[in-house]
Structure formats: C-alpha cells, structure tokens
Amino acid sequence: MRTLQRRLSTDTRYTLLGLPAAVASFTVTVAGVSAGLGSAVVFVGLPVLAATAAASRHLADLERVALPGVLGQPVARPEYPAAPASAGLVRRMLNPMTAGQAWMDLLYGIVGFPFALVSFILTAVWWTGAVAGLTFPLYGWAIARIPGVGHGLTEWLGLADTPVMFVAVNTAVGALFALTLVPVVRMAALMKASVAQAMLTRAAYPGGHPGAGSEPAVIREPAWSAR
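The shown structure was predicted, so the numbers you read here are calculated from the model rather than taken from an experiment. (Residues numbered from 1 in each chain as written. Predicted model: local features only at pLDDT ≥ 70, side-chain atom pairs only at ≥ 80, totals over all residues. Heavy atoms only, no water.)

With that out of the way, let us pick up the packing of helix H1 (residues 2-38) against helix H4 (residues 100-134). It is at 7 Å that the axes of H1 and H4 come closest, and there the two elements cross at 145°. Of the two possible hands of crossing, H1 and H4 adopt the one that is left-handed. Broken down by class, the residue content of the contact of H1 with H4 amounts to 16 nonpolar, 8 polar and no charged. (Axes fitted to C-alpha atoms, helices over the stretch in contact; angles between N-to-C directions. Helix = DSSP H or I, 4+ residues; strand = E, 2+ residues; numbered from the N terminus. Left-handed = near helix turned anticlockwise from the far one by under 90°. Nonpolar A, V, L, I, M, F, W, Y, C, P; charged D, E, K, R; others polar.)

Another point: helix H2 (residues 45-71). Taking 1.5 Å per residue as the helical rise, H2 with its 27 residues ought to reach 39 Å, and the 37 Å between its terminal C-alpha atoms agrees with that figure. Backbone geometry just after H2 places Gly 72 at a positive phi near 80°. (Expected span 1.5 Å × (residues − 1).)

This part takes up the packing of aromatic side chains. The final tally for this structure, using the stated rule, is 4 aromatic pairs. Judged by centre distance (5.1 Å) and plane angle (70°), the ring pair of Trp 126 and Phe 177 falls under edge-to-face. Linking Trp 126 in helix H4 with Phe 177 in helix H7 (residues 163-179), this pair joins segments that are 51 residues apart in sequence. Residue class for Phe 177 comes out partly exposed when judged on its relative accessible area of 22%. (Phe/Tyr/Trp six-rings, centres within 6.5 Å; stacked < 30°, edge-to-face > 60°. Buried < 20%, exposed > 50% of the residue type's maximum accessible area, 1.4 Å probe, protein only.)

Now for a nonpolar patch on the surface. Taken together, the side chains of Leu 117, Ile 121 and Val 125 define a hydrophobic patch exposed on the protein surface, amounting to about 220 Å² of accessible area. Here Ile 121 lies in helix H4. Among the residues examined, Ile 121 registers a relative accessible area of 43% and is labelled partly exposed. (Patch = residues over 30% accessible without salt bridge, like charges linked within 9 Å, V, L, I, M, F, W, Y side chains within 5 Å. Areas by Shrake-Rupley, 256 points an atom, 1.4 Å probe, with all protein chains shown as cover. Salt bridge = Lys/Arg side-chain N within 4 Å of Asp/Glu carboxyl O.)

Quick look at the packing of H1 against helix H8 (residues 181-200) now. In the contact formed by H1 and H8, the axes pass within 9 Å of each other and the chain directions differ by 50°. The orientation of H1 with respect to H8, classified from their angle, is oblique. Between H1 and H8 the crossing geometry is left-handed. Along its contact with H1, which presents Leu 4, Arg 7, Leu 8, Asp 11, Thr 12, Tyr 14, Thr 15 and Gly 18, the element H8 presents Leu 181, Val 182, Val 185, Arg 186, Ala 188, Ala 189, Lys 192, Ala 193 and Ala 196. The class makeup of the residues in the contact of H1 with H8 is 10 nonpolar, 3 polar and 4 charged. (Parallel < 35°, antiparallel > 145°, perpendicular 65-115°, else oblique. Contact = heavy atoms within 4.5 Å.)

Next up on the list: the confidence of the model for the protein chain. Confidence along the protein chain averages 84 in pLDDT terms, with 84% of residues attaining 70 or more. This model gives residues 205-227 a pLDDT under 50, and the stretch forms 39 contacts once residues within four places in sequence are excluded. (pLDDT = per-residue confidence, 0-100.)

Judged by nonpolar contacts, Tyr 14, Ala 60, Leu 67, Val 70, Val 75, Tyr 108, Ala 189, Ala 193, Val 195, Ala 196, Met 199 and Leu 200 together constitute the single largest core of 12 residues. Here this core takes 6 residues from H8, the largest share from any one element. Every residue in contact with Tyr 108, bar those within four places of it in the chain, is listed here: Glu 63, Phe 113, Lys 192, Val 195, Ala 196, Met 199 and Leu 200. Core analysis: the next-biggest nonpolar cluster, separate from the first, contains 8 residues, Leu 49, Ala 50, Leu 94 and Ala 102 among them. (Core = buried A, V, L, I, M, F, W, Y, C linked by side-chain atoms within 4.5 Å.)

Turning our eyes to something else, we now look at the pattern of salt bridges. If you walk through the whole model with that rule in mind, you get 5 salt bridges. Here Asp 61 makes a salt bridge to Arg 64, at a shortest N to O gap of 2.7 Å. Linking Asp 61 with Arg 64, this pair stays in helix H2, spanning 3 residues, or about one helical turn. Judged by its relative accessible area of 13%, Asp 61 falls in the buried class. Residue Arg 64 is classed as buried on the basis of its relative accessible area of 0%. Close ionic contact of Arg 77 with Asp 61 constitutes a salt bridge, the shortest N to O distance being 2.9 Å. A residue pair is termed long-range when its members are at least 10 positions apart, and Arg 77 in the loop between strand S1 (75-76) and helix H3 (89-94) and Asp 61 in helix H2 qualify at 16 residues.

What follows is the structure, given as structure tokens:
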C-alpha cells in the first residue's frame, strides 16, 4: 500500500510540476532560437543562441533530476565538452552550442511541451474526478435540489431521476476514477518520462548493454539516481 502511495505521489508531482517547467522550456527555446536565428546574419544572434543552449541545458538538468523517481533507475547525463583551456573569449562564449546534446536539449524544449500538457491534463482530470466523486455525498444533495439542474446521467442510464440516485451515480463515477487513478497517472508520467529519457539521457552502459564496455557510463559521468 505504501509503495502504491509513494508511486502515485511521485508520478502526480512529476506530471503536475512538469507543465510549468515545460512552459518555461518551450518559451525560452522558441524565443531564444527565433531571436538568435533572426539576427545570426550580423553575428549578434550567435551569443543569443549560445545563451539559449546554456539555459536549455539547465532546464534539461532539472528534468534529468526528476526522471529517476519515475523510471525507478538512475539516468546518465550526456557529455557536454568544456571549452579548451587555450580557447579565446568568443570560443568560450559559443561553447554551449558545440555539444551535440545541446541541440537535443533545444529540440526537447519544443517536443516535450505537448507531452507535458497531455500528462498534466490526464492527471488533473483523474484526480479531480476521484476527489469530487468520492466526496459527492457531502454536497451532492444540495446540487440535486437546485432548480434547473438536470440529472442527465441518471436519465441516460435509465435510472430513477431522484436525488438519491443522482448522488449514487456521481459517487460511483468518482469511485471509478479513484480505482483507475494509479494506472492512469502512471501512464501519464511514463508517457512524458519516456520522451525525456530518449532525448535527454544516454544509455547506462556504453553501447546500451553491460557487455559493451568495462564499466557503466553512470560511473564515469555525472548521473542522478532516485534516493
């Protein structure tokens, strides 16, 4: 029971907080790339693109921190090469754009937004349906007595159009939401996390399996694990 509660709590937090983070990432990416490409001809846009890439990297790091709790395993952070020690000011300033992962971070800022939105909606709807339905007996009687309030669901089901049946049917709907809450929220969290894992992390082992290298990549590179 505690495991289910912990899983539901983790997945709910991930999907609900994921939307504000996705909005911020989408806004930064679209605004930064648009401004950078629009002024790249006069070279003013290159620093803007580099700054956008650096910001996207930090936003991607936030996503990578949250992933282990949902996936149940550590995730390895892709390599971001540092500028050479002998590099000049311009080379250091543009360095955030030189990593291949930087462009994946930028792409995820756009691609990840619809997945975050759908995950948020699913989680919010199921939580609202479960809470509102299970507590319906506390306030449903008052709603049933409001003039003009139709009991469409009870009528559609061919049941008696009475306050008692009105409350019972809506409570049953809430119970259905509650019974399916864990799998639906889990599905929503994995839908978002799978995209983030594919675009923002690398395999735990070189080549994707334990036999491809002498040690796990998570040992040789920074990584986050669920603790």
